[in-house]
Structures are given as C-alpha cells and as structure tokens.
Number of protein chains: 2
Amino acid sequence: MRPAKALAKSLERVVPIGTLAERTGVKVETIRYYEQVGLLPEPERSEGNQRRYGRAHVERLAFIKHARDLGFAVESIRTLLRLSDTPGMACDEAHAIAASHLGEVRDKIARLRSLEAELARIATVCSGGVAACDCAVIEALADHSHCEHHGH
Amino acid sequence: MRPAKALAKSLERVVPIGTLAERTGVKVETIRYYEQVGLLPEPERSEGNQRRYGRAHVERLAFIKHARDLGFAVESIRTLLRLSDTPGMACDEAHAIAASHLGEVRDKIARLRSLEAELARIATVCSGGVAACDCAVIEALADHSHCEHHGH
DNA sequence: CCTACAACCTCTAGCCACTACAGCTTCAAG
DNA sequence: CTTGAAGCTGTAGTGGCTAGAGGTTGTAGG
C-alpha cells in the first residue's frame, strides 16, 4: 500500500489555513482578513468547521501576495483579480492600473529623495558634537527658511 | 486714531484656530488632534470657550508641521519638542533621531526603487497592445519566477 | 480509547495619523 | 438684531493588517 499518511504536507491537495500560510508566506490572520474583505473566496470547511484550501486558493493567494509586495492597494488587486477571472480580459485596464501604480511609486521616490536631501543636510551639520551646536537639528525644524524653495 | 480693527488678521497677536490653520498650513481638525495627543499645549479660551492662540503656538505648530512634512513620527516629534524645551538640551539625542529617520527614509527609497524596477518591467511588456499579450501584467503577478532572486 | 496540546474558530479592539460628520454654540459683520 | 461663517465636542471611519480573549477541533502518543 502507498504511504498516504506519510506524505509531507507540501504534497497534499487540500490543506488547512496554517499550511496555506506557510506555503504563501501570508500570515493566518491576514488570510482570514483577505477572505473577510472578499479578496480570497470562502473555502470549503471540514466537518468541524475548519477551512480547507485547494490548489486554486494557493495560486490566488500567491497572486495577491505578489501584488501586495509590489505595493498595489487591496482595491486595485480586487480589480486585477476580477480581470484575471474574465475570459476575454481587458488587458488595457490591467496595464493602466500597473502604469498608474508605477507613477505613484515614482512620485513617492521623488518626494522621499527630497526629504532625504534635507534630512541629510540637517543631520550632518554639527554631527561631530562641535561647540557651536545649539542644536542644529532643532534649529532646522524651528526655522523653515532653508527649504521654503523646494516646496514640501 | 490708528485703524486697529482694520488690521489684517495676519498681524494679530491672538488668533482663533482658523487663522492658526491658515498661517501654518495645518488643518483645523489636525490642530485639535495635536492638542488631544499632547503635541500642542492647550491654549487660552475666549469667554465663549473658543481657542485663542498666541505667537508661541504658531511657532510650535510650525515646528510640528515641518517635522511631519519631513516624515518624522508623532512620537519622535514629541521627543524633539521636549528636547527643544530643555534649556541645556541634549543635541546628541536630537541628532540620533534625525539620523535614524534618515536611515529609514533611505531604506524606503531603496525598497521603492526595486519595486519601481519590477513594475516598470511588468508595465512595459506589451504596452503597445500587441497581439501576443495574454495579459502580461496579470501573468507577471500570477507567476513569481521572474523576481524570486531580488527578494521582496 | 483517552488525553494533551497545537492549531483552528469567531469576535472585538488596537495601531497610525488623521479625516469626516452630526448636532450644537459663538462670533462678528451689516 | 439677524444671519451665516466659524467654532465647539464627541464619535466613527480610513487602510491593511495585528493581537488578544475565550472557546472548539484535529491528531499523535500512550
């Protein structure tokens, strides 16, 4: 007879939530949260009311995880999932979502770089604990005159 | 006689919350929130129980605004304000907060740049609406194999 | 078969830094 | 003295989870 019970969990077709969590790198609580907000469809349940996930769930959750890692909002992921479920799907729309997100990421990078520049300026003045330090960090925050021109 | 009543609000010494908001660029609700969480001290009140702010409040709120614009957490700002109130102040501590925040900003930039690279890759494949597009964006999200190596 | 214990369940509250609203009171111009 | 903007308090909502209480189920060892 085949060693059915002895097979590692990683080979099972139907798995409990903890195994799904391990396999995808998404926490158990987060999986339940995704179900609650309608990203992940409700799975079958065991006789004792515990969730049992199949291959489709693993794939869908991996998709969600990947998109979240890339910073897509849950709302965008909802749309992307809907698109991926559509047979003759609207590639344009998916492309627009990705492009728009890329734009947001680039904006964010630009804003952070200007912050970085000013923070670096603030943090390096008097970094050696010089006598004249009155304190440069506090002064810089109190006095906005140095950075009025680069508009934050 | 001098045109006391005719003076612009911008010259008044004691102002209501709306004027403080205008002067600092912080919303009225946010000012009340800062008071609630103890960043901004409780101001005097008019006979009718309305907040009346003086010069010190304007300066303190400007400090807070500047620090928030630079991305400092409210908790850090609380510490920075405490330091700036201290007579013989601990410049080291202020410097450490700024340096640590600079580190966080740099980390965030690095992470966003790696996202940007992958998003750009995803979004430009098939951006012309080519026939073979199946859709590249959805495919890329479903299939993690392209980016396993740069660790997000 | 029984027991122990990990893993699961639901529900609720908390995080950050605001933002928005409901339902009232006060201020100031005409 | 009237009107309407601006103020007040208090509560709830945002996004995307995370943490905990307090109970139930699944499973391996004895």
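Residues numbered from 1 in each chain as written. Chains lettered and ligands numbered in written order. Predicted model: local features only at pLDDT ≥ 70, side-chain atom pairs only at ≥ 80, totals over all residues.

K.L.:
Sorry if this is basic, but what is going on with the overall build of chain A here?
P.N.:
From N to C terminus, chain A includes 6 helices and 2 strands. Counting from the amino terminus, chain A carries its helices and strands in the arrangement α-α-β-β-α-α-α-α. Going through the 152 residues of chain A one by one, you find that 24% of them count as buried. Within chain A, counting contacts between residues at least 6 apart in sequence, those at least 24 apart form 46% of the total. (Helix = DSSP H or I, 4+ residues; strand = E, 2+ residues; numbered from the N terminus. Buried ≥ 20, exposed ≤ 12 C-beta atoms within 10 Å, placed from the backbone. Contact = placed C-beta atoms within 7 Å.)

K.L.:
How should I be thinking about the interface of chain B and chain A in this particular structure?
P.N.:
Contacts between chain B and chain A engage 43 residues on the former and 43 residues on the latter. When contributions to the side of chain B that touches chain A are tallied by element, the ones reaching two or more residues are helix 3 (55–69), helix 4 (74–85), helix 5 (91–124) and helix 6 (136–142) of chain B. Per element, the largest residue contribution to the side of chain B that touches chain A is 21 residues, and it comes from helix 5 of chain B. When grouped by side-chain class, the residues that make up the side of chain B that touches chain A number 26 nonpolar, 9 polar and 8 charged. (Nonpolar A, V, L, I, M, F, W, Y, C, P; charged D, E, K, R; others polar.)

K.L.:
Any chance you could explain the protein's contact with DNA strand D here in plain terms?
P.N.:
Around DNA strand D sit 22 residues in total, of which Ser46, Gly48 and Val74 of chain A together with Gly18 and Arg51 of chain B are the nearest. Taken together, the elements giving at least two residues each to the surface near DNA strand D come down to helix 2 (28–36) and helix 4 (74–85) of chain A together with helix 1 (17–24) and helix 2 (28–36) of chain B. Of the residues contributing to the surface near DNA strand D, the split by class is 6 nonpolar, 9 polar and 7 charged. (Near = placed C-beta within 6 Å.)

K.L.:
Looking at this structure, I do not really get the relation of the copies chain B and chain A. What am I missing?
P.N.:
The operation linking the two copies of the chain is a rotation about an axis combined with a translation along the axis. Mapping chain B onto chain A calls for a screw motion: a turn of 180° about the axis and a shift of 0.0 Å along it, with 0.2 Å RMSD after fitting. Both chain copies can therefore be described as sitting about a two-fold axis. Proximity to the rotation axis, assessed at the C-alpha, singles out Ile109 of chain B in chain B; its C-alpha lies 3.0 Å from the axis. When the interface residues of chain B are mapped onto chain A, 98% of them are again interface residues, pointing to one common binding face. (Least-squares fit on C-alpha atoms with pLDDT ≥ 70 in both.)

K.L.:
Help me understand the protein's contact with DNA strand C, please; the structure alone is not making it clear to me.
P.N.:
Taken together, the neighbourhood of DNA strand C is formed by 22 residues, with Gly18 and Arg51 of chain A together with Gly48, Ala73 and Val74 of chain B sitting nearest. Going through the elements one at a time, helix 1 (17–24) and helix 2 of chain A together with helix 2 and helix 4 of chain B are the ones with two or more residues in the surface near DNA strand C. For the surface near DNA strand C, a count of residues per class yields 6 nonpolar, 9 polar and 7 charged.

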